[in-house]
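Take a look at the letters that make up each chain.
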Amino acid sequence: MDRRNFLSHGILAGTALSAGPKIIEDMNHRGETEPIVGHGSHRYRVDKNWGTQDPAHIPVNDCHEMVQDNRGRLILLTNHVKNNVIIYDRSGKVLDTWTGHWPSAHGLTIHDEGGEEFLYITDSDRHEVHKTTLDGRILLSLKYPEESGVYEGIENYKPTETAIGPNGDIYVADGYGKSYIIQYDSQGRYIRHFGGLGDGRDQFDCPHGICVDHRGETPTLLITSRSKQAYKRFTLDGKYLETIRLPGCWICRPVIKGDHLYFAVIVTKSWWAYDGMVAILDRNNHVVSLPGGSSPEY
């Protein structure tokens, strides 16, 4: 697969998706200062100077997540312990930073609870999930789910992401551990677990990301199975519903906005090809735009 060419076959039980023969030129070929990426109604102007700051004072290691609060501020999570969280305004100016001293900060979820917003942050190597205020005060910490009975020890549990249900239940995706989804109530009390590593339709291979999908009549869970290049849909009490296959996509967290599903494709060819992109699917799971990749053609 050529860099930035997206080729996939058999998506959605037989509907074939293949990339056009011409790759996106905007990013590197023309040298434009503000290239346009994406397709159709989902096209975006790239600002290469957004968020620039002095790395000696505000360093970033890996940028795993970014969310937006109700005030329009953008909150970035990095695993640099000097400033795990960096808060920007929409122009890219740094407004604030703080740290939880988390060397493997990985998953970041923002959730509005009665008009007040909170962050849920995972640290995969410290085997922890924390609920915090927007300015970094820890309100709740979840350690490894010993009560589930499926873990030999804390080292087997490496959470990567969280999602919050309509009733406040906390769903933790153990993406780098044993591939279970752990469900807690809003106070952190264990309810159940489901999934686990395997090839069964109700199992996962790296449930890297998770979100609550409110687009249907009943909210459901949409969960990554990265190594199987698919999303899987479950009820809120852990019953399997469907698989959305995305061959060729090593996918990250699902994000729902309006009727569309957005997610990062971190790899299509190899980890060293730097051939990632963003994918946007409509509510029928058809790809409508691939910012950073070639135009989707069915």
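Above this text is the structure in question.
In this report, we go over the structure that sits alongside the text. Remember, predicted model here, so these are calculated numbers, not experimental data.

1. Remarks on the overall build of the protein
Each helix and strand counted, the protein has 1 helix and 25 strands in total. Classification of the 298 residues of the protein by burial places 51% in the buried group. Of all intrachain contacts in the protein linking residues separated by at least 6 positions in sequence, the fraction that spans at least 24 positions is 41%. For the protein, the accessible surface area stands at approximately 14100 Å², while carbon and sulfur atoms represent 48% of it.

2. What about the sheet that holds strand β9 (residues 116-123)?
Here we have 4 strands laid out as an open sheet, ordered β8-β9-β10-β11, and antiparallel in their pairing. At either end of the open sheet lies a strand with only one pairing partner, and these are β8 (105-113) and β11 (138-142). Averaged over neighbouring strand pairs, the angle between their axes works out to 20° when direction is ignored. Inspection of the sheet shows strand β10 (residues 128-132) paired to β11 by 4 bridges, in the antiparallel sense. In the sheet register, K131 faces β11, and the bridge partner there is L140.

3. Comments concerning a nonpolar patch on the surface
Taken together, I266, W271, W272 and Y274 make up a surface patch of nonpolar side chains, about 560 Å² in accessible area. For Y274, the position within the fold is in the loop between β22 (260-267) and β23 (277-281).

4. Observations regarding the pattern of salt bridges
Summed over the entire model, instances satisfying the criterion amount to 14 salt bridges. A salt bridge links R233 to E242; its shortest N-O distance comes to 2.7 Å. For E242, a relative accessible area of 29% gives the class partly exposed. Salt bridges here are not isolated pairs; linked through shared partners, they connect D213, R215, R233 and E242.

5. Observations regarding the sheet that holds strand β6 (residues 85-88)
Taken together, 4 strands build an open sheet; the order of strands is β4-β5-β6-β7 and the sheet is antiparallel. What marks the edges here is a single partner per strand, and that holds for β4 (63-68) and β7 (94-98). Going from strand to strand, the sheet's axes swing by 20° on average, the running direction of each strand aside. By the bridge criterion, 4 bridges tie β6 to β7 in an arrangement that is antiparallel. Bridge assignment links Y88 to a residue of β7, and that residue is V94.

Calculation criteria
- Residues numbered from 1 in each chain as written.
- Predicted model: local features only at pLDDT ≥ 70, side-chain atom pairs only at ≥ 80, totals over all residues.
- Heavy atoms only, no water.
- Helix = DSSP H or I, 4+ residues; strand = E, 2+ residues; numbered from the N terminus.
- Buried < 20%, exposed > 50% of the residue type's maximum accessible area, 1.4 Å probe, protein only.
- Contact = heavy atoms within 4.5 Å.
- Areas by Shrake-Rupley, 256 points an atom, 1.4 Å probe, with all protein chains shown as cover.
- Pairing = 2+ DSSP bridges.
- Axes fitted to C-alpha atoms, helices over the stretch in contact; angles between N-to-C directions.
- Patch = residues over 30% accessible without salt bridge, like charges linked within 9 Å, V, L, I, M, F, W, Y side chains within 5 Å.
- Salt bridge = Lys/Arg side-chain N within 4 Å of Asp/Glu carboxyl O.

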